[in-house]
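What follows is the residue order along each chain.
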Amino acid sequence: MSAPTVSTEILRTLHRLHRQLTDLRERLARGPKQIAAAESNLAARQSLLEKAKAEEKAFRMHLDAKQLQLKTSEARIGEFQIKRNAAQSNREYQTFTEQIGAAEMANSVLEDEILEAMEKAQEYKDKIAQAEAELAAARQKLDEIRAKVAEQEPRLTADMTRLEAELKRAEEDLPPEIRDPYRRVVKHLGEDALAPLENQYCGGCNQQITLNVYSQIMMNQPAFCKTCGRLLYQKEGK
Ligand SMILES: [Zn+2]
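We now turn to the structure provided with this report. What you see is a predicted model, and the numbers here were worked out from it, not measured in a lab. All residue numbers here refer to positions counted from 1 along the written sequence of the relevant chain. pLDDT decides what is reported in this predicted model: residues at 70 or higher carry local features, side-chain atom pairs at 80 or more are listed and counted, and totals for whole chains, interfaces and linings draw on all residues regardless. Computation of side-chain values: all heavy atoms of the structure, hydrogens and water removed.

1. With respect to the packing of aromatic side chains
One pair of aromatic rings is described through two measures. These are the centre distance and the angle between the planes. Quick reminder of the rule: Pairing of aromatic side chains requires ring centres within 6.5 Å, counting the rings of Phe and Tyr and the six-membered ring of Trp. Pairs whose planes differ by under 30 degrees are stacked, by over 60 edge-to-face, and all others tilted. Under the scheme used here, helices are H or I runs from DSSP no shorter than 4 residues and strands are E runs no shorter than 2 residues, and both carry numbers assigned from the N terminus. Relative accessibility thresholds used throughout: buried, under 20% of the residue-type maximum; exposed, over 50%; partly exposed, between the two (1.4 Å probe, protein chains only).
Under the defined criterion, the tally for this structure stands at two aromatic pairs. Summarising the aromatic geometry, the rings of Phe59 and Tyr124 are spaced 4.5 Å apart at their centres and angled 20° between planes, so their arrangement reads as stacked. Highlighted residues: Phe59 in helix H1 (residues 8-85) and Tyr124 in helix H2 (residues 90-172), separated in sequence by 65 residues. Exposure remark for Phe59: the relative accessible area of 10% places this residue in the buried category. Residues Phe80 and Phe96 carry aromatic rings whose centres are separated by 6.2 Å and whose planes lie at 40° to one another, so their mutual orientation is tilted.

Structural data, given as structure tokens:
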């Protein structure tokens, strides 16, 4: 029984198809990954906007509380003034004057605080506006990526189907004796199931092949690298 042979051309084609299919699979997998990344960026922007809004709200409530405190204090000063006007004695008059003075002093501190806070109000508003702009940009980016992936996917899938059929046809040209070992190495190494011969070295693992394997390849007999298991073939131009 003579040893089976396989043309170098078929092995080269098989290797090329495996590499192209791997590339297509990676490109197909990239789409959903890019979408997921853009979605998580959008979610992050959303929560930053919510945080900015919550901070602005807390700030506004704090400011409102201070303004209410000032108003209440001013009303009390008014009451003190009425009571002072109705004072029955110097001592009473003096007491109200002191209370009014103390309240006015406290109010002046409060007014400074309110003014200072009002200057900061714009910063909070700006932060919200910035977060809104970033959220809008993230949403647009996600839409763009989704559209791009939706546009590319059918083409990549069609290419996959076409190449898979081509691969199947090419595999039918393999001698039946090596189909099982070939499938095992494909399952194990994927696109690296084949390797060109580099002089007398395996192009996959760079180990020197035996003379026996070398002569098999020269006679177009299918041979696997004894070190890494790749199906070897002659390099172009050899
Ligand atoms: Zn090898």
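2. Focus on the coordination of the zinc ion
As a reminder, the rule being used: Here the coordinating atoms are restricted to nitrogen, oxygen and sulfur within 2.8 Å of the metal centre, or 3.2 Å for Na, K and Ca, and because water is not among them the sites may look incomplete.
Around the zinc ion, the protein contributes the donor atoms Cys202 (SG), Cys205 (SG), Cys225 (SG) and Cys228 (SG), which lie 2.2 to 2.3 Å from the metal centre. Each donor residue of the zinc ion lies on the same chain, and together they follow the pattern C-x2-C-x19-C-x2-C. You can see Cys202 sitting in strand S2 (residues 201-202) and its partner Cys225 sitting in the loop between strand S3 (223-224) and strand S4 (231-234), a full 23 residues away along the chain. Each of the two residues, Cys202 as well as Cys225, counts as buried.

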